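Close look at the chain arrangement
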Amino acid sequence: MPDLPTIIPPLPLVLIRLDDIADLPPTAIPNRAHATVKTNISYPTTKVAQISWDPETDTITPDSRLPIWVFTEKLVANLDQLIKRQGNAGLLALNKTWDEAKPWIAARVGKPKKVESITGTLNNFIVEPFLPHPSNTEYYVCITSKREGDAILFTHKGGVVDARALNLGISVTEPFRQFDLITRGTPHADKILIIGGGIPNFTNVATTFKGIVRGLKEYKNQLINHSVKIFICRGGPNDQEDLKVMRLLDRPPRSRHRPLQEQDLQRPASDLKSPAAFISTISGEHGQELLYAGMKISEVFREDIGLGGVVALLWFKRHACLPPWATKFIEMVLILTADHGPAVSGAMKTIVPTRAGKDLISSLASGVLTIGSRFGRALDEAASLCWEAAQAHGIDHKIQSVNNPDLRVEIVKEYVRKDFPSHNLLDYALAVEKGTIAKKDTLILNVDACIAVCSVDLLRDSGAFTPEEADGYIRISTLNGLFVLGRSIGFIGHHLDQKRLRAPLYRHPADDIFINMADVS
């Protein structure tokens, strides 16, 4: 984890604790005199590293993800969750090297801890540099927020309590005072609003954020006018549910989103649907680990699901219910369709721009754009036509014949007959082939049609899809996607090959072009 960035004044910054304004009724806030900061404060660079526990592997953040100063300085380690009196609870370690702090953290992280009547798991610790100093130079500040206002407690001794602390009361009966403060004065682009909080228990998310949502809605126009940048820092077991609630808000300045409705706050956050401009259901990187259709990237490698499994996750949103023979078939298709020599149209359309000096992306796009009903897209059409009738683009080949079979087709047929639980459509296509080769020996089942019909057998007989889902995937060109993905491997290979050969600009032989101008007047 890199060092946190330094916040340099004079950025106006307001911090809202989540329990400050939860569930308060919206009321108007009277104007107050503008506050002025006269002390020029220089902030030091912040050094802090978070050590998190992964419940799946029962491990903590690896050393490779920690900043270098963790290994060279003496450290303070403590729990990064909202638990009071951590020193008394044995959750504070002082003047430790990382070799000492690491096992100390490992012995406590992932363990349940009871605070008053609540029991939660210790998930996150932080380490910071240990700074030796005389005890009389320590100062402690505690800010508490209640409905009637804030109280700032100050003392020279740790364990801030009312009895021995100086108490500065800020009596504010109106809610949303933080929004009022940050929208005072002349609008400018350097205002930051941080909404943050961390709790160890499982609170009701909708209740926790209700006051925040109301405040943002009431001060929407002022926040927009002052160009306030809003950051939400939410730690705890329900952090993602909290963020779902916030995404439902009509966030400034993106007013095209649906405003948050009162009934939304009464429903569990897991039931809320995001009205964002884009909705993705296949992957996410909003947590500590990248997810493919809900599967952690570490699990993708741990379970060794392979490329076929990744395609199943990102294309079909299925892995656990897609059997190994199905994911292996997907990988087989990608291998078999990767290339078919330089003479086919897609390869030529890749090679020609490459030799004209174009970059990889441009050359690849040129080749991919050649794919259509006559090249590559036959997978989709063959699947549909073979299922609906006994005619398909797949019954013919320019080179192969019954006496010179395409070995790619033989590989697919052998695997499907051996490993698929059923292959009704393949059997049907082969029955059709018997009739066509009687008329012409090149009217055989080509590789496109063979892959297509076997893919339909997979969709219909794997047990992972309903008949409606299987038909839907055929209609949206999923099978063509396999050809595009596989053949892109070959297109890239041709591009790299021509670059490696330093091939010159291509010019087609003149004697291979027939120019007919007889009809030109």
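Heads up: these notes are all about the structure in this document. Here the structure is a predicted model, which means the values were calculated and not measured. (Residues numbered from 1 in each chain as written. Predicted model: local features only at pLDDT ≥ 70, side-chain atom pairs only at ≥ 80, totals over all residues. Heavy atoms only, no water.)

Turning our eyes to something else, we now look at the overall build of the protein chain. Looking only at helices and strands, the protein chain has 17 helices and 16 strands in total. At a minimum sequence separation of 6, the contacts of the protein chain that also span at least 24 residues come to 67%. (Helix = DSSP H or I, 4+ residues; strand = E, 2+ residues; numbered from the N terminus. Contact = heavy atoms within 4.5 Å.)

Quick look at the side chain of His 495 now. For His 495, the position within the fold is in helix α17 (residues 478-500). In this structure, His 495 is in contact with Thr 350, Thr 354, Lys 358, Asp 359, Leu 360 and Ser 363, ignoring residues within four places of it in sequence.

Turning our attention to a nonpolar patch on the surface. A grouping of Ile 513, Ile 515 and Met 517 is seen on the molecular surface, where their side chains present a nonpolar patch of about 340 Å² in accessible area. Locating Met 517 in the fold gives a position in the segment after α17. By relative accessible area, Met 517 is classed as exposed at 58%. (Patch = residues over 30% accessible without salt bridge, like charges linked within 9 Å, V, L, I, M, F, W, Y side chains within 5 Å. Areas by Shrake-Rupley, 256 points an atom, 1.4 Å probe, with all protein chains shown as cover. Salt bridge = Lys/Arg side-chain N within 4 Å of Asp/Glu carboxyl O. Buried < 20%, exposed > 50% of the residue type's maximum accessible area, 1.4 Å probe, protein only.)

Turning our eyes to something else, we now look at helix α9 (residues 324-336). Here α9 is 13 residues long and its end C-alpha atoms lie 18 Å apart, about the 18 Å a rise of 1.5 Å per residue gives. Those residues of α9 not exposed but buried are Trp 325, Ala 326, Thr 327, Phe 329, Ile 330, Met 332, Val 333, Leu 334 and Leu 336. The elements touched by buried residues of α9 are α8 (306-316), α13 (407-419), α15 (447-461) and α17. (Expected span 1.5 Å × (residues − 1).)

Another aspect to go through is the sheet that holds strand β15 (residues 291-292). The strand order across the open sheet formed by 3 strands is β14-β15-β16, and the pairing between neighbours is antiparallel. Of all strands in the sheet, those with a lone pairing partner are β14 (283-284) and β16 (295-296), marking the two edges. Summarising the sheet, β15 and β16 pair through 2 bridges and their orientation is antiparallel. If you follow Tyr 292 over to β16, its bridge partner there is Met 295. (Pairing = 2+ DSSP bridges.)

Further remarks concern helix α10 (residues 345-355). Of all the residues in α10, the buried ones are Gly 346, Ala 347, Thr 350, Ile 351, Pro 353 and Thr 354. At its buried positions, α10 is contacted by α11 (360-368) and α17. Where α10 ends, the next residue or the one after it, Gly 357, has phi of about 95°, a positive value.

What follows is about the state of the cysteines. A full pass over the atoms with the stated rule returns 0 disulfides. The structure places no disulfide on Cys 450, whose sulfur is separated from the nearest cysteine sulfur, that of Cys 454, by 4.3 Å. Residue classification places Cys 450 among the buried residues on the basis of a relative accessible area of 0%. (Disulfide = S-S within 2.5 Å.)

Further remarks concern the nonpolar core. Counting residues in each nonpolar core, the largest one holds 38 residues, and the members touching the most others are Phe 329, Val 412, Val 416, Leu 426 and Cys 454. If you list the elements that add at least two residues to this core, you get α8, α9, α13, α14 (424-437), α15, α16 (467-475) and α17. Sorting elements by how many residues they give to this core places α15 first, with 9 residues. (Core = buried A, V, L, I, M, F, W, Y, C linked by side-chain atoms within 4.5 Å.)

Reading across from one edge, β3-β2-β8-β4-β5 is the order of the 5 strands in this open sheet, with antiparallel pairing throughout. Strands with a single pairing partner mark the edges of an open sheet, and in this sheet they are β3 (59-60) and β5 (92-96). In the sheet, strand β2 (residues 49-54) pairs with β3 via 2 bridges, with the strands oriented antiparallel. In the sheet register, Trp 53 faces β3, and the bridge partner there is Ile 60. Across the face of the sheet, helix α1 (residues 98-106) comes into contact with β2, β3, β4 (75-79), β5 and β8 (124-129) while running at roughly 165° to β5. (Axes fitted to C-alpha atoms, helices over the stretch in contact; angles between N-to-C directions.)

This part is about the packing of α8 against α17. Axes are the key here: two packed helices are described by the angle between their axes and the distance separating the axes. At their nearest, the axes of α8 and α17 sit 13 Å apart, and the two run at 135° to each other. Considering their axes alone, α8 and α17 lie oblique with respect to each other. Like other packed secondary-structure pairs, α8 and α17 cross with a definite hand, here right-handed. Each of Val 311, Trp 315 and Phe 316 in α8 lies in contact with α17, whose residues at this interface are Thr 478, Gly 481, Leu 482 and Leu 485. Residues of the contact of α8 with α17, tallied by class, amount to 5 nonpolar, 2 polar and no charged. (Parallel < 35°, antiparallel > 145°, perpendicular 65-115°, else oblique. Left-handed = near helix turned anticlockwise from the far one by under 90°. Nonpolar A, V, L, I, M, F, W, Y, C, P; charged D, E, K, R; others polar.)

Where charged atoms from two side chains of opposite charge approach closely, those side chains can pair. Enumeration according to the criterion identifies 8 salt bridges in this entry. For Asp 63, the salt bridge goes to Lys 102, with nearest N and O atoms at 3.3 Å. You can see Asp 63 sitting in the loop between β3 and β4 and its partner Lys 102 sitting in helix α1, a full 39 residues away along the chain. Taking relative accessible area as the criterion, Asp 63 reaches 30% and is therefore assigned partly exposed. For the salt bridge of Asp 406 with Arg 408, the shortest nitrogen-to-oxygen distance reads 3.0 Å. Of the two residues examined, Asp 406 and Arg 408, each falls in the buried class.

This next bit is on the packing of α10 against α17. In contact at an axis separation of 9 Å, α10 and α17 are set at 35° when each is read in the N-to-C sense. Remark: the crossing between α10 and α17 carries right-handed chirality. Facing α10, whose interface residues are Gly 346, Ala 347, Thr 350, Ile 351, Thr 354 and Arg 355, α17 presents Phe 491, His 494, His 495, Gln 498 and Lys 499. Its residues placed into classes, the contact of α10 with α17 shows 3 nonpolar, 6 polar and 2 charged.

The buried count for β8 comes to 5 of 6 residues, which makes it a mostly enclosed element. Inspection of the sheet shows β4 paired to β8 by 5 bridges, in the antiparallel sense. Counterpart to Asn 78 in the pairing with β8 is Ile 126.

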